[in-house]
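Structural characterization, general
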Amino acid sequence: MGRIALIAANWKMYKTPAEAKAFTDAFLPLVAGHTRDQIALFPSVTSLATVVEAVKGSNVAAGLQNMHFAEEGAYTGETSALMLKAVGATHTLIGHSERRQYFAETDEIVNKKLHTALRHGIVPVVCIGEVLAEREAGLTADVLKTQITGAFAGITAEAATPIVIAYEPVWAIGTGKTATPEMAVEAHKIIRAEVAKLLGSGIAVNVRILYGGSVKPENASALLNEEEIDGALVGGASLKPDSFAAIVKY
Ligand SMILES: O=C[C@H](O)COP(=O)(O)O
């Protein structure tokens, strides 16, 4: 298909700047010269500048785990697109299930953030996925379609090119329960078809859809060798340089 995979590390609320630097010191040599896939690290806000500095000139990008939709303002604790860019970061996650679950992020907020990221030339990784009860009730396709439609409201095909989608079934996050490659492929096909409906087949064919949820060195190749799976968003197994490097080199 020609889509270049993106292998991304979501460090969540782990790693001080010193720990982030220790990671990049060990990790960069392990993936030096690796051009088959794109690689990105998503550290905490306080480690972002350290990571950006460390990966300068390398094949690894850096981004935030969350970004506010407003340009600036009285939003205590939040980080803006301009702040992200001023530090030299290039990517942001949007709508991670933990943001939805613990910080009440809705599809409407995700949509606003997506507009802001695209306006500022930031690569957005839009996270979607069903919870276990929804899967068990046979609602996975409906949930994914609703999340995609909500996230993409008002987004034009012209603006959509940089968008990356991450399919993360919530029941697979941090649980050790990985979706089988077949389950992931089925979900990715539903998502790609919905993108085609909203933005046309040109965008749908090229949009990268990552899988996330208990990706580890042991299961990475089975998932990532699927043509429908264009990369991975990795939590726990991205915290150690050798384990994340093994996933990158699946
Ligand atoms: O963003 C990453 C996902 O939440 C996956 O986390 P996990 O690899 O620890 O299951």
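Residues numbered from 1 in each chain as written. Predicted model: local features only at pLDDT ≥ 70, side-chain atom pairs only at ≥ 80, totals over all residues. Heavy atoms only, no water.

Focus on the overall build of the protein
Helix and strand content of the protein: 12 helices and eight strands. Taking 2.2 N^0.38 as the reference for a compact globule, 250 residues should give roughly 18 Å; the C-alpha atoms of the protein span a radius of gyration of 17 Å, in line with that estimate. Judged by the C-alpha coordinates and their principal axes, the protein covers about 45 × 45 × 35 Å. Looking at the protein as a whole, 53% of its 250 residues are labelled buried. For the protein, the proportion of contacts with a sequence separation of at least 24, taken over those separated by at least 6, is 72%. Taken together, the 22 basic and 26 acidic charged side chains of the protein have centroids lying 3 Å from each other. (Helix = DSSP H or I, 4+ residues; strand = E, 2+ residues; numbered from the N terminus. Rg over C-alpha atoms; globule rule 2.2 N^0.38 Å. Buried < 20%, exposed > 50% of the residue type's maximum accessible area, 1.4 Å probe, protein only. Contact = heavy atoms within 4.5 Å. Lys, Arg positive; Asp, Glu negative; His and termini not counted. Charge placed at Lys NZ, Arg CZ, Asp CG, Glu CD.)

Some points on unusual backbone geometry
Peptide bonds are trans in most cases, and residues, glycine excluded, mostly fall at negative phi. Located in the positive-phi region is Lys 12, a residue other than glycine, with phi close to 50°. Relative to the helices and strands, Lys 12 resides in the loop between β1 (6–10) and α1 (17–31). Phi is positive for Ser 214, which is not a glycine, with a value near 55°. On the secondary structure map, Ser 214 appears in the loop between β7 (208–212) and α11 (217–224).

Focus: the site of the ligand
Residues in contact with the ligand amount to 13 residues; listed here are only the nearest, Lys 12, His 96, Gly 174, Ser 214 and Gly 236. Here Asn 10 contributes a side-chain N or O atom positioned 2.9 Å from an oxygen atom of the ligand. Coverage of the ligand by the protein chains reaches 96% of its 310 Å² of free accessible surface. Each residue belonging to the shell around the ligand can be placed in one class, and the counts come to four nonpolar, seven polar and two charged. (Near = heavy atom within 4 Å. Polar contact = N/O pair within 3.5 Å; in protein donor to acceptor, adjacent residues only side chain to side chain. Areas by Shrake-Rupley, 256 points an atom, 1.4 Å probe, with all protein chains shown as cover. Nonpolar A, V, L, I, M, F, W, Y, C, P; charged D, E, K, R; others polar.)

Things to note about the packing of α1 against helix α2 (residues 45–55)
At a minimum axis distance of 9 Å, the contact between α1 and α2 shows a crossing angle of 25°. Put simply, α1 runs roughly parallel to α2. Considering how the two elements wind past one another, α1 and α2 form a crossing that is right-handed. Counting all contacts with α1, which are made through Pro 17, Ala 20, Lys 21, Thr 24 and Leu 28, the residues of α2 involved are Thr 46, Ser 47, Thr 50, Val 51, Ala 54 and Val 55. Among the residues making up the contact of α1 with α2, the classes are represented as six nonpolar, four polar and one charged. (Axes fitted to C-alpha atoms, helices over the stretch in contact; angles between N-to-C directions. Parallel < 35°, antiparallel > 145°, perpendicular 65-115°, else oblique. Left-handed = near helix turned anticlockwise from the far one by under 90°.)

Details of the nonpolar core
The nonpolar side chains of a soluble globular protein tend to be buried, and buried together. Grouped together as the largest cluster of nonpolar side chains are 65 residues, with contacts concentrated most on Phe 27, Leu 41, Ile 165, Val 195 and Phe 244. Sort the elements by how many residues they give to this core and helix α9 (residues 181–199) lands first, with six residues. Residue contacts for Val 195: discarding those within four places in its chain leaves Ile 148, Phe 152, Ile 165, Gly 200, Ile 203, Ala 204 and Val 207. Ala 40, Val 125, Cys 127 and Leu 210 belong to the second largest nonpolar core, which has 13 residues in total. (Core = buried A, V, L, I, M, F, W, Y, C linked by side-chain atoms within 4.5 Å.)

A word on the UniProt feature "binding site: substrate" (unreviewed entry) in the protein
In the UniProt entry, the feature "binding site: substrate" (unreviewed entry) is given for Asn 10, Trp 11, Lys 12, Gly 174, Ser 214, Gly 235 and Gly 236. The greatest C-alpha distance among the annotated residues, which extend across 227 residues, is 13.8 Å, indicating that they converge on a single site. The contact partners of Lys 12, leaving out residues within four places of it in the chain, are Phe 42, Ser 44, Gln 65, His 96, Glu 98, Ile 173 and Gly 235. (UniProt positions renumbered as here; feature names shortened; annotations may be inferred.)

What to know about the pattern of salt bridges
What the rule picks out here adds up to 13 salt bridges. Among the ionic pairs, Lys 113 bridges to Glu 105, the shortest N-O distance being 2.6 Å. Look at Glu 105 and you get buried, because its relative accessible area is 7%. For the salt bridge of Asp 230 with Arg 192, the shortest nitrogen-to-oxygen distance reads 2.8 Å. (Salt bridge = Lys/Arg side-chain N within 4 Å of Asp/Glu carboxyl O.)

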